Amino acid sequence: MNAPDFPPLLLPAIEPSADASLEARLRHKIAHKTKPLGALGRLEDLALLLGLIQRSETIALRAPQMVVFAADHGIAAEGVSAYPQAVTVQMVGNMLAGGAAINVFARQHGFALQVVDAGVAAGLAAHPQLLQRKIAHGTRNIRHEPAMTAVQARAALQAGMDIVSSLPGNVVAFGEMGIANTSAAALLFARLAGVGIEEATGRGTGLDDTQLAHKRQVLADALARHAGATQPLDALAALGGFEIAMMAGAMLQAASERRVVLVDGFIAGAAALVARALAPAVQDYMVFCHCGDEQGHRLLLAHLKAQPLLDLGLRLGEGTGALLAWPLLQSAANFLHEMASFESAGVSGKEGA
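Residues numbered from 1 in each chain as written. Predicted model: local features only at pLDDT ≥ 70, side-chain atom pairs only at ≥ 80, totals over all residues. Heavy atoms only, no water.

Caption draft 1: Up close: helix H6 (residues 181–193). With 13 residues, H6 should reach 18 Å at 1.5 Å per residue; the first-to-last C-alpha distance of 18 Å fits that figure. With eleven of 13 residues buried, H6 is to be regarded as a mostly interior element. What H6 keeps buried is the set Asn181, Thr182, Ser183, Ala184, Ala185, Ala186, Leu187, Leu188, Phe189, Ala190 and Arg191. Positive backbone phi, approximately 75°, marks Gly194, located one or two places after H6. (Helix = DSSP H or I, 4+ residues; strand = E, 2+ residues; numbered from the N terminus. Expected span 1.5 Å × (residues − 1). Buried < 20%, exposed > 50% of the residue type's maximum accessible area, 1.4 Å probe, protein only.)

Written out as structure tokens, the structure reads:
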């Protein structure tokens, strides 16, 4: 039987951020602040990136948003996680009660927080901070069948786009919660980047050596079963998760609206990889906030040619690394706007310059 035909997925138009004239002006402005050339190191690169995203020589960061996508994974039945699947819904409850790490950091840094039920394998009671966008009660077991249908994958992408389009501000950070989602992320990374499953797969929530070997075998089986799913949408449907698909759609929409996109850890990185495969210009709007302690994350960042702002050994997810990097964005914006130039301060520049 032939696969059903679908109309083309209507992705939002994303304009590349590259602007040679603006980049030259930003570099000149940064170079002429009262400091030795390049003395603020990578903070200068960050200011340049933010200026290009905002099409401005002055950066304004307004009403930052934190969106956490939660979903379950059928492959959890294969024992690939150190925690039972019930932890997903329990942790969503903890977030809605304000007790998770992401709540702490969102309060500290002034981020509005929303939790999205993208596909939790349980019913969730209404809550002011909960967006009900459930595609299904978890994906299917990838070891034996596709994670989701093509229709579900497209619905998840569209839901992510719709969520972002309704948010205020010009900065959005994305996090996730879902037992076994490092498995889906590793499979997507392996397929879309062509790396080996051994390299892509790590300990997740804390597997021992025997459990890690089992996880890698399960994922190798899944990758082989879906060997034909090589195109981005096909790979997403066969190997992904609802929260990853929804986050990828959200990233695409955010970039189309020229928002700053804060990318968290390995799972968010896999969503970024999917989004980039669908629309390469999306990466122009991404700030990669940290390199986590999950096996494949450093390799994923290298594949994307992304330099993370922090390297703290994090492996929590939820968007925590994105918010820990937030003060660096604020500092980049502030020095570009507030720091005097040599001329305005009456300070002599470098001799011979």
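Caption draft 2: Focus on the side chain of His226. Looking at the element boundaries, His226 is found in the loop between helix H8 (209–225) and helix H9 (232–239). Looking at His226, the relative accessible area reads 8%, which means it is buried. Polar contacts involving the side chain of His226 include one to the main-chain carbonyl oxygen of Glu145, which spans 3.4 Å. Those residues in contact with His226, other than ones at most four positions away along the chain, are Ile142, Glu145, Pro146, Arg191, Ala238 and Leu239. (Polar contact = N/O pair within 3.5 Å; in protein donor to acceptor, adjacent residues only side chain to side chain. Contact = heavy atoms within 4.5 Å.)

Caption draft 3: Inspection of the environment of Ile59 at higher detail. Mapping Ile59 onto the fold places it in the loop between helix H2 (42–54) and strand E1 (65–71). For Ile59, a relative accessible area of 7% corresponds to the buried category. Sequence separation between Ile59 and Asn334 is 275 residues, and the spatial gap between their C-alpha atoms is 7.9 Å. Beyond its immediate sequence surroundings of up to four residues, Ile59 is in contact with Ala47, Leu50, Gly51, Gln54, Ala332, Ala333 and Leu336.

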